[in-house]
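So you can see what is in the structure, the chains are spelled out below.
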Amino acid sequence: MAAGTAYKALFRFYEELNDFLPAGHRKKDKTYTFKGNPAVKDSIEAQNVPHTEVDLIVVNGNPVDFNYKLRDGDRVSVYPVFETLDIRPAIKTGRKPLRVTKFILDVHLGKLARLLRMTGFDTMYRNDYEDAEIIRIGEEETRIILTRDRGILKNSRVTRGYFIRSQKPWEQIKEVINRFQLQDDIKFLCRCIKCNSPIESVEKKEVAHMLKAGTANIYSRFFKCRGCGNIYWQGSHFNRMAGYMKRLQTELRSKQSG
Ligand SMILES: [Zn+2]
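Residues numbered from 1 in each chain as written. Predicted model: local features only at pLDDT ≥ 70, side-chain atom pairs only at ≥ 80, totals over all residues.

1. Observations regarding the overall build of the chain
Piece 1. What the chain contains, in helices and strands, is eight helices and twelve strands.
Piece 2. Along the three orthogonal principal directions, the C-alpha set of the chain runs to about 80 × 40 × 35 Å.
Piece 3. Taken across its 258 residues, the chain has 26% of its residues classed as buried.
Piece 4. Partitioning the contacts of the chain with sequence separation of at least 6, the portion at a separation of at least 24 is 58%. (Helix = DSSP H or I, 4+ residues; strand = E, 2+ residues; numbered from the N terminus. Buried ≥ 20, exposed ≤ 12 C-beta atoms within 10 Å, placed from the backbone. Contact = placed C-beta atoms within 7 Å.)

2. Remarks on the pairing of strand β2 (residues 30–35)
Piece 1. Across the six residues of β2, zero count as buried, placing the element largely on the outside.
Piece 2. By the bridge criterion, six bridges tie strand β1 (residues 6–13) to β2 in an arrangement that is antiparallel. Residue Ala 6 lies in a different strand from β2, and its bridge partner there is Lys 35. (Pairing = 2+ DSSP bridges.)

3. Quick word on the sheet that holds strand β6 (residues 103–105)
Piece 1. Reading across the sheet, the four strands line up as β7-β6-β8-β9 and stay open at both edges, with parallel pairing between neighbours. Either end of the sheet is taken by a strand with one partner, and the two such strands are β7 (123–124) and β9 (161–163).
Piece 2. Bridging between β6 and strand β8 (residues 144–147) involves three bridges; their strand directions are parallel. Considered in β8, the bridge of Phe 103 is made with Ile 144.

4. Quick look at helix α3 (residues 131–140)
Piece 1. Buried within α3 are the following residues: Ile 134, Ile 135 and Gly 138. Projection of α3 onto a plane perpendicular to its axis shows the buried side chains occupying an angular sector of 95°, all on one side. Away from its buried face, by an angle of more than 90 degrees, α3 presents the exposed residues Ala 132, Glu 133 and Glu 140.
Piece 2. Looking at the buried side of α3, the elements it contacts are β6, β8 and α4 (150–154). (Arc of directions from axis to C-beta.)

5. Examining the domain arrangement of the chain
Piece 1. Segmenting the chain into domains produces domain 1 (6–80), domain 2 (103–187) and domain 3 (190–258).
Piece 2. Spacing between the C-alpha centres of domain 2 and domain 3 amounts to 22 Å.
Piece 3. Looking at the side of domain 2 that touches domain 3, the elements that each hand over two or more residues are α2 (110–118), β7 and α5 (169–179).
Piece 4. Considering every element that reaches the side of domain 2 that touches domain 3, the biggest residue donor is α5, with four residues.
Piece 5. In terms of residue class, the side of domain 2 that touches domain 3 is built from five nonpolar, five polar and five charged. (Domains from an automatic or database assignment. Nonpolar A, V, L, I, M, F, W, Y, C, P; charged D, E, K, R; others polar.)

6. Examining the packing of α2 against α5
Piece 1. The contact between α2 and α5 brings their axes to 9 Å, and the two run at 55°. Of the possible angle classes, the one that applies to α2 and α5 is oblique. For the element pair α2 and α5, the recorded crossing hand is right-handed. Listed contacts from α5 to Lys 111, Leu 112, Leu 115 and Leu 116 of α2 are Pro 169, Gln 172, Ile 173 and Val 176.
Piece 2. In terms of residue class, the contact of α2 with α5 is built from six nonpolar, one polar and one charged. (Axes fitted to C-alpha atoms, helices over the stretch in contact; angles between N-to-C directions. Parallel < 35°, antiparallel > 145°, perpendicular 65-115°, else oblique. Left-handed = near helix turned anticlockwise from the far one by under 90°.)

7. Some points on the environment of Asn 196
Piece 1. With respect to the element layout, Asn 196 can be found in the loop between α5 and β10 (199–202).
Piece 2. Measuring from C-alpha to C-alpha, the distance between Asn 196 and Leu 56 comes to 33 Å, with 140 residues separating the pair along the chain.
Piece 3. Not counting residues within four places of it along the chain, the set of residues in contact with Asn 196 comprises Arg 117, Asp 122, Thr 123, Met 124 and Arg 191.

8. With respect to α2
Piece 1. Of all the residues in α2, the buried ones are Leu 112, Ala 113, Leu 115, Leu 116, Arg 117 and Met 118.
Piece 2. Residue Gly 120 follows α2 closely and has a positive phi angle near 95°.

9. Let's talk about the nonpolar core
Nonpolar side chains in soluble globular proteins tend to end up buried together.
Piece 1. Grouped together as the largest cluster of nonpolar side chains are 24 residues, with contacts concentrated most on Leu 105, Leu 116 and Leu 146.
Piece 2. Here the element with the most residues in this core is α2; it accounts for five residues.
Piece 3. Among all residues touching Leu 116, those that are not within four sequence positions of it are Phe 103, Phe 121, Thr 123, Ile 173 and Val 176.
Piece 4. Counting 15 residues, the second largest nonpolar core, distinct from the first, contains Ala 9, Phe 11, Val 54 and Leu 70. (Core = buried A, V, L, I, M, F, W, Y, C linked by C-beta atoms within 7 Å.)

Next comes the structure, spelled out in structure tokens:
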């Protein structure tokens, strides 16, 4: 193609990818003007959709990967990760499934971090992370980046990420569990809410000296964090967390059946 000439392709974004488009452009064909032959991945991101949200790209009826070079007159359909229906053809965008789902969260998602740890998911979070640090750790430790900042997800080093839609922590955790199909991986009381390290059951005599006399007398089951040493016991806080877990599982089930 001659340099400098402007070409056109027709794009259509499906389902929740429309969340990233301006109101007037949703669920419609959209003409995209470009020069040269850019990778389809860059053309998608130029339209504000992070590549981590994309699972399948079809050009003129054929599935392509992110490196496909856009050509004049192409008709491009872009699909999100399908939540429930497995209608994905053989060629996808080249990502391998992770063996264990692990997360790193941006600085605005502190409450979601606590809920994810409470449900047993390996979740790194600090309220002073720089974006570059989140991206580096995500890459090195194959962690899924959860963020409400789509700028992070557009970074080319990010291959695993998810843009959190809701602003409410309780909705956010359900969003994450549904998106990554983690319903069967929820484990209560296996991870420290403060530091993310595993916690383990301990004998009362091991921790009695660290507790107030009343606590040590009343309760019998104790857990200790291997990282920060925080002690958990089957008291009111524990019961409140158990209540949250029950409610979470009920609400997740009702969504599945509805
Ligand atoms: Zn801890």
